[in-house]
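Coordinate inspection notes
Listed below are the residues making up each chain.
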Amino acid sequence: MGPPDPKQRFEKIYEAHYPDLLAYVRRRADSPDDAADALAETFTTAWRRMDDIPEGHDARLWLYGTARRVLANRRREETRQSALAVRLRAELTVWAENAVEDDPDGVRAAFRRLSPGDRELLSLVSWEGLSSEEVAKVLGCSRGAVRLRLHRARKRLARELTSAGYDMTRYGSRAVALAKGQL
């Protein structure tokens, strides 16, 4: 008689210890969803490490130890995410304050008046530095469609800037022509 089938062994362990493990994680998790995630991750680990699970009563203790580590890892992850969110919020606050100072003529306001599609397209090209081909892949359309949409978005931005009293000559004759609809 050979070693037991891993699937059968897992099912036996799962059925025997699921209720105890569920109670364990529910008492320690912040929400039912967190408990479900921790329980699923515990049993996923058990499946991957079937050879490490001891026989008999010690299997239950091994599962408790695994669930404890899963919950601890989740708490650490939440702490890191919270710290990152706080740090990003502070950086974005400083950035937003500086952006207002750097934008005395209302360029950002004109940009915000554009449609979300125009803003995304202009942002991908100007801020992210993507080529027409790369933007086409991001947006899931042809390069020709991107070029046409980009041209129209630039025209709309130029018109917004002109209507806000922004001096387009500082960006050259092409910007002036776009604003006048000549291109």
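Bear in mind that the values here come from a model prediction, so they are computed numbers and not experimental data.

With 85% of its residues at a pLDDT of 70 or more, the chain has an overall mean of 86. The lowest-confidence element of the chain is helix H8 (residues 173-180), averaging 66 in pLDDT; the highest-confidence one is helix H2 (residues 32-48), averaging 95.

Here the focus is the side chain of Thr-45. Within the secondary structure, Thr-45 sits in helix H2. A residue is classified by how much of its surface remains accessible, and Thr-45, at 11% relative accessible area, is buried. Not counting residues up to four positions away in its chain, the partners in contact with Thr-45 are Trp-62 and Thr-66.

What follows concerns the environment of Val-107. One can find Val-107 in helix H4 (residues 107-112). Linking Val-107 and Ala-164, residues 57 residues apart in sequence, is a C-alpha distance of 8.7 Å.

This paragraph deals with the side chain of Ser-123. In this fold, Ser-123 is placed in helix H5 (residues 116-126). Judged by its relative accessible area of 11%, Ser-123 is buried. Beyond its immediate chain neighbours, meaning those up to four positions away, Ser-123 contacts Phe-111 and Glu-128.

What follows concerns the environment of Arg-28. Topologically, Arg-28 is positioned in helix H1 (residues 6-28). Aside from chain neighbours lying at most four places away, what touches Arg-28 is Leu-71 and Arg-75. At 3.1 Å, the side chain of Arg-28 and the backbone oxygen of Tyr-24 are in polar contact.

Another point: the packing of aromatic side chains. Overall, the coordinates contain 8 aromatic pairs when judged by the stated rule. Look at Phe-10 and Trp-47: their rings are 5.3 Å apart centre to centre, the planes differ by 85 degrees, and that puts the pair in the edge-to-face class. Pair noted here: Phe-10 is in helix H1 and Trp-47 is in helix H2, with a separation of 37 residues, a long-range link. Put simply, the rings of Phe-10, Tyr-14, Tyr-18, Phe-43 and Trp-47 touch in pairs and so form one group of aromatic residues.

For the rest of this paragraph, the subject is the packing of H1 against H2. Two numbers describe how H1 lies on H2: the axes approach to 10 Å, and their chain directions differ by 150 degrees. In terms of axis orientation, H1 runs roughly antiparallel to H2. Taken as a pair, H1 and H2 cross one another with a handedness that is right-handed. Along its contact with H1, which presents Pro-6, Lys-7, Phe-10, Tyr-14, Tyr-18, Leu-21, Leu-22, Val-25 and Arg-26, the element H2 presents Ala-35, Ala-38, Leu-39, Thr-42, Phe-43, Ala-46 and Trp-47. Among the residues forming the contact of H1 with H2, the class breakdown is 13 nonpolar, 1 polar and 2 charged.

Soluble globular proteins tend to bury their nonpolar side chains together. One finds Leu-21, Val-25, Ile-53 and Leu-63 to be the most contacted residues of the largest nonpolar core, which totals 20 residues. Among the secondary structure elements, those contributing two or more residues to this core are H1, H2 and helix H3 (57-102). It is H3 that contributes the most residues to this core, 7 residues altogether. If we skip the residues at most four places from it in the chain, Leu-21 touches Leu-39, Thr-42, Phe-43, Leu-63, Tyr-64 and Ala-67. Core analysis: the next-biggest nonpolar cluster, separate from the first, contains 15 residues, Val-125, Ala-153, Leu-161 and Tyr-166 among them.

Our focus in this paragraph is H5. Given 3.6 residues to a turn, an α-helix orients residues that are three or four positions apart in the same direction. By the burial criterion, the buried members of H5 are Asp-118, Leu-121, Leu-122, Ser-123, Leu-124 and Val-125. Where H5 is buried, its residues meet H4, helix H6 (132-139) and helix H7 (143-163).

Right, let's talk about a positive patch on the surface for a bit. A cluster of basic residues, Arg-26, Arg-27, Arg-28 and Arg-75, forms a positive patch on the protein surface. Tallying contributions element by element places H1 first for the positive patch, with 3 residues. Under the relative-accessibility criterion, Arg-28 is labelled partly exposed at 37%.

Reading the values: rules and limits
Residues numbered from 1 in each chain as written. Predicted model: local features only at pLDDT ≥ 70, side-chain atom pairs only at ≥ 80, totals over all residues. Heavy atoms only, no water. pLDDT = per-residue confidence, 0-100. Helix = DSSP H or I, 4+ residues; strand = E, 2+ residues; numbered from the N terminus. Buried < 20%, exposed > 50% of the residue type's maximum accessible area, 1.4 Å probe, protein only. Contact = heavy atoms within 4.5 Å. Polar contact = N/O pair within 3.5 Å; in protein donor to acceptor, adjacent residues only side chain to side chain. Phe/Tyr/Trp six-rings, centres within 6.5 Å; stacked < 30°, edge-to-face > 60°. Axes fitted to C-alpha atoms, helices over the stretch in contact; angles between N-to-C directions. Parallel < 35°, antiparallel > 145°, perpendicular 65-115°, else oblique. Left-handed = near helix turned anticlockwise from the far one by under 90°. Nonpolar A, V, L, I, M, F, W, Y, C, P; charged D, E, K, R; others polar. Core = buried A, V, L, I, M, F, W, Y, C linked by side-chain atoms within 4.5 Å. Patch = residues over 30% accessible without salt bridge, like charges linked within 9 Å, V, L, I, M, F, W, Y side chains within 5 Å. Areas by Shrake-Rupley, 256 points an atom, 1.4 Å probe, with all protein chains shown as cover. Salt bridge = Lys/Arg side-chain N within 4 Å of Asp/Glu carboxyl O. Lys, Arg positive; Asp, Glu negative; His and termini not counted. Charge placed at Lys NZ, Arg CZ, Asp CG, Glu CD.

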